Amino acid sequence: MGIKKKRLRRQAMKARALARATALEVAEKVVEATEEIVEKIAEVVEEVKEEVVEIAEEVEEAIEEAKATAEDVVEEAKEAVEEVKEKKTARKTSKKKASRKSSKKKD
């Protein structure tokens, strides 16, 4: 019985050593795979970052165009207001002249 126990103990030790070696190999593979995943994620993040920068630039351009358009609209509105004021002034002036002429004719 003593020989069988020794043999079983040796086999158990070999099995444990094999299990440790296998666990180390698996751990190394997991580390390698994790490193690859991290590298791929970094690449994707860089690509997304570049796209975000491009989109931000396009948004800035659109904002500038909108500002320019708004400024044009404001300027046109000011001009329209001035025209209306001028027309009102012209009407008042012509009405005053007409009323003076009619009052002179009555006299």
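As the structure is a computational prediction, the values presented were derived from the model and not from experiment.

What am I meant to see in the overall build of the chain here?
In terms of regular secondary structure, the chain is built from one helix and zero strands. Put simply, the chain has 107 residues, and 0% of those count as buried. Of the accessible surface of the chain, which amounts to about 10500 Å², a share of 58% is contributed by carbon and sulfur atoms.

What exactly am I supposed to notice about a nonpolar patch on the surface here?
Among the surface-exposed residues, I37, I41 and V45 lie close enough to one another that they form a single nonpolar patch of about 280 Å² accessible area. With respect to the helices and strands, the residue V45 is situated in helix 1 (residues 2-106).

Help me understand a positive patch on the surface, please; the structure alone is not making it clear to me.
On the surface, K4, K5, K6, R7, R9, R10 and K14 cluster together into a positively charged patch. Structurally, K5 can be placed in helix 1.

What counts and how
- Residues numbered from 1 in each chain as written.
- Predicted model: local features only at pLDDT ≥ 70, side-chain atom pairs only at ≥ 80, totals over all residues.
- Heavy atoms only, no water.
- Helix = DSSP H or I, 4+ residues; strand = E, 2+ residues; numbered from the N terminus.
- Buried < 20%, exposed > 50% of the residue type's maximum accessible area, 1.4 Å probe, protein only.
- Areas by Shrake-Rupley, 256 points an atom, 1.4 Å probe, with all protein chains shown as cover.
- Patch = residues over 30% accessible without salt bridge, like charges linked within 9 Å, V, L, I, M, F, W, Y side chains within 5 Å.
- Salt bridge = Lys/Arg side-chain N within 4 Å of Asp/Glu carboxyl O.
- Lys, Arg positive; Asp, Glu negative; His and termini not counted.
- Charge placed at Lys NZ, Arg CZ, Asp CG, Glu CD.

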